[in-house]
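Residue-level listing of the chains:
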Amino acid sequence: MVRIKGCNSDYLFDLKTGQIQEQSKDKPVYLKIFVCPNDMPSPVEEPYDGKVDNWCQGTDAACPAPQKKTGHALISLHQTEGIAFVTPNPIVAKGPFQVQPDGQQPVFQVTNTDCLMTGSVVLQTKPDKGFQISVSDQGIVLSSPDAAMIRVTHNTIEITPGKTGTVKINGNLEVTGAITMAGQPLVPAS
């Protein structure tokens, strides 16, 4: 056997015939390429100990080896699940890396020469369900579903509470420089 493995949706080792058999084309198409440091069989080889489904699938947890070594690495191309890189080790892009919606400008790009982000990045949960973080050349914005916001730009930090919220500081506040007030004058607590 070899430690560089592969399998796909169209072929599977059949225990009854002892050969690789073509599979039904009714299921989604996939291709998996992986390394198995344990040298266990993939689904196109005779299964480990002759047991049904006793194959390595490219992950540390799913490997049938009795004395398991860590370090599996899997690239999966799947018709409905997309592309997945699975490994307990770092995933490294050597050379430029970018995320580009079909036919649009890149929304995220990192080059290997200066490791700078170009474009903008938005991390967001479902609308009105969670927080959103936006990073662009204009600055960083963290906002909540209730319109609370922290905005950091080139020379300004802005804190805006939600519609019914307040800005609360737990601990000491030290100000170096001028304080400017707008709106209601400061009323001492009684």
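Everything discussed here concerns the structure shown above.
Remember, predicted model here, so these are calculated numbers, not experimental data.

Visitor: Please provide a residue-by-residue account of the overall build of the protein, values included.
Guide: Regarding its fold elements, the protein presents zero helices and 14 strands. For the protein, the N- to C-terminal ordering of α and β elements is β-β-β-β-β-β-β-β-β-β-β-β-β-β. For the protein, the residues scored as buried account for 17% of the 190 residues in total. Of the contacts made within the protein by residues no fewer than 6 positions apart, 33% connect residues no fewer than 24 positions apart. Accessible surface, the protein as shown: approximately 14,600 Å² in total, 56% of it carbon and sulfur.

Visitor: Tell me what's going on with the nonpolar core, and back it up with residues and numbers.
Guide: Listed in full, the eight residues of the largest apolar core are Cys 7, Phe 34, Cys 36, Met 40, Cys 56, Cys 63, Ala 65 and Leu 74. When near neighbours in sequence (up to four residues on either side) are disregarded, Ala 65 contacts Asn 38 and Met 40.

Visitor: Lay out the side chain of Ser 76 in plain terms, naming residues and giving numbers.
Guide: Relative to the helices and strands, Ser 76 resides in strand S5 (residues 73-78). For Ser 76, a relative accessible area of 8% translates into the label buried. In contact with Ser 76, other than residues within four places in its own chain, are Leu 31, Lys 32, Gly 82, Ile 83 and Ala 84.

Visitor: Would you mind going over the pairing of strand S4 (residues 30-35) in detail, with residue names and values included?
Guide: A regular strand places its side chains on the two faces of the sheet in alternate fashion. Summarising the sheet, strand S1 (residues 4-8) and S4 pair through five bridges and their orientation is antiparallel. Residue pairing for S4: Lys 5 is matched across the bridge by Phe 34. Pairing analysis gives six bridges linking S4 to S5, with the strands arranged antiparallel. Paired with Ile 33 across the bridge in S5 is Ile 75.

Visitor: Before we move on, can you summarise the pattern of salt bridges with the specific residues and values?
Guide: Summed over all chains, the structure comprises three salt bridges. Across the pair Glu 45 and Lys 5 runs a salt bridge, and its minimum N-O distance is 3.1 Å. With Glu 45 in the loop between S4 and S5 and Lys 5 in strand S1, this residue pair connects regions lying 40 residues apart in the sequence. Two residues, Lys 25 and Glu 22, come together in a salt bridge whose shortest N-O distance is 2.9 Å. Accessibility expressed as a relative area gives 52% for Lys 25, which makes it exposed. A residue is classified by how much of its surface remains accessible, and Glu 22, at 52% relative accessible area, is exposed. The network of salt bridges with common partners includes Asp 10, Glu 22 and Lys 25.

Visitor: Any chance you could break down the side chain of Asn 54 for me, citing the residues and the numbers?
Guide: Looking at where Asn 54 falls in the secondary structure, it is placed in the loop between S4 and S5. Using a relative accessible area of 18% as the deciding quantity, one classes Asn 54 as buried. Apart from residues no more than four positions distant in its own chain, Asn 54 is found in contact with Pro 41, Pro 47, Tyr 48, Asp 49 and Pro 64.

Visitor: Describe the pairing of strand S14 (residues 157-160), naming the residues involved and giving the relevant values.
Guide: Direction of pairing for strand S13 (residues 149-152) relative to S14: antiparallel, over a ladder of four bridges. Paired with Ile 150 across the bridge in S14 is Ile 159.

Visitor: Report on the packing of aromatic side chains, specifying residues and quantitative values.
Guide: Per the counting criterion, the structure on display carries zero aromatic pairs. The ring of Tyr 30 has Lys 32 sitting right over it, with the charged end atom 5.5 Å from the ring centre.

Visitor: Outline unusual backbone geometry, supporting the account with residue identities and numerical values.
Guide: For residues that are not glycine, phi is negative in most cases, and the peptide bond is trans in most cases. The backbone phi angle of Asp 53 is positive, close to 60°, even though this residue is not glycine. For Asp 53, the position within the fold is in the loop between S4 and S5. We note that Ala 147 has phi near 75°; this positive angle belongs to a residue other than glycine. Topologically, Ala 147 is positioned in the loop between strand S12 (139-143) and S13.

Parameters and conventions
- Residues numbered from 1 in each chain as written.
- Predicted model: local features only at pLDDT ≥ 70, side-chain atom pairs only at ≥ 80, totals over all residues.
- Heavy atoms only, no water.
- Helix = DSSP H or I, 4+ residues; strand = E, 2+ residues; numbered from the N terminus.
- Buried < 20%, exposed > 50% of the residue type's maximum accessible area, 1.4 Å probe, protein only.
- Contact = heavy atoms within 4.5 Å.
- Areas by Shrake-Rupley, 256 points an atom, 1.4 Å probe, with all protein chains shown as cover.
- Core = buried A, V, L, I, M, F, W, Y, C linked by side-chain atoms within 4.5 Å.
- Pairing = 2+ DSSP bridges.
- Salt bridge = Lys/Arg side-chain N within 4 Å of Asp/Glu carboxyl O.
- Phe/Tyr/Trp six-rings, centres within 6.5 Å; stacked < 30°, edge-to-face > 60°.
- Lys NZ or Arg CZ within 6 Å of the ring centre and 35° of its normal.

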